[in-house]
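Listed here are the chains, written in short residue letters.
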Amino acid sequence: EKVQVALYVNGLAIAHNGKEVRACFSPFTLVRNCKFQDSATCSQLMSLKIFKIFFFVKNLCYFFGVSADDEGLAEKERQQWVADVARAVHLVTQSLFPPFSISCEPICAAAVTARRLMAGYVLYHSGDDV
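The structure reproduced in this document is the subject of the present report. (Residues numbered from 1 in each chain as written. Predicted model: local features only at pLDDT ≥ 70, side-chain atom pairs only at ≥ 80, totals over all residues. Heavy atoms only, no water.)

### Examining the sheet that holds strand β2 (residues 11–16)
One open sheet holds the 3 strands; their spatial order is β1-β2-β3, and the pairing between them is antiparallel. The two strands at the open ends of the sheet, each matched to only one other strand, are β1 (4–8) and β3 (19–24). Strand-to-strand twist across the sheet, computed as the mean angle between neighbouring axes with direction ignored, equals 15°. Looking at chain direction, β1 and β2 are connected through 5 bridges and run antiparallel. (Pairing = 2+ DSSP bridges. Helix = DSSP H or I, 4+ residues; strand = E, 2+ residues; numbered from the N terminus. Axes fitted to C-alpha atoms, helices over the stretch in contact; angles between N-to-C directions.)

### A look at the side chain of R78
Among the structural elements, R78 can be located in helix α2 (residues 71–95). On the accessibility criterion, R78 (10% relative accessible area) is buried. Ignoring anything within four residues of it in the chain, the contact list for R78 reads N33, C34, K49, I50, F51 and V66. (Buried < 20%, exposed > 50% of the residue type's maximum accessible area, 1.4 Å probe, protein only. Contact = heavy atoms within 4.5 Å.)

### Side note on the sheet that holds strand β6 (residues 60–66)
Overall, antiparallel pairing links the 3 strands, which are arranged β4-β5-β6 in an open sheet. Two strands lie at the open edges of the sheet, namely β4 (29–34) and β6, each paired on one side alone. For this sheet, the mean angle separating the axes of adjacent strands, direction not counted, is 20°. Pairing of β4 with strand β5 (residues 49–55), which is carried by 6 bridges, proceeds in the antiparallel orientation. Within the sheet, the bridge partner assigned to V31 lies in β5 and is I53.

### Notes on the nonpolar core
In this structure, F25, V31, F51, I53 and V85 are the most contacted members of the largest nonpolar core, which totals 16 residues. Elements with a contribution of two residues or more to this core: β2, β5, β6 and α2. Considering every element that reaches this core, the biggest residue donor is α2, with 6 residues. Contact partners of V85, with chain neighbours within four places excluded, come to L7, F25, V31 and I53. (Core = buried A, V, L, I, M, F, W, Y, C linked by side-chain atoms within 4.5 Å.)

Written as structure tokens, this is what we have:
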């Protein structure tokens, strides 16, 4: 069924039949092109250009299908959605880190840094929190 999707800088809203579902992006959100593998799938679905958004933190995956009269236009629209969602996830990820540069050089005042390979920041997922 058709739904309305609104993309925001930090998430998206999906509206259908007067109800709305909202989901916030985290660095653990994945967006990818995909297609139906089963040839027995309804031919109506086979004509859609499919992409998915997977929210690892919630173990929740949404699939979206883009249709158009021309297959090339549908593919272009799908690529635009995937790029826009990926950009929003990237912005959310960047917002969690302070400005920094990755360093491989030891710090003279800290002897333990003499053996490090690289220093920077890392995100760790533990339960429902980031």
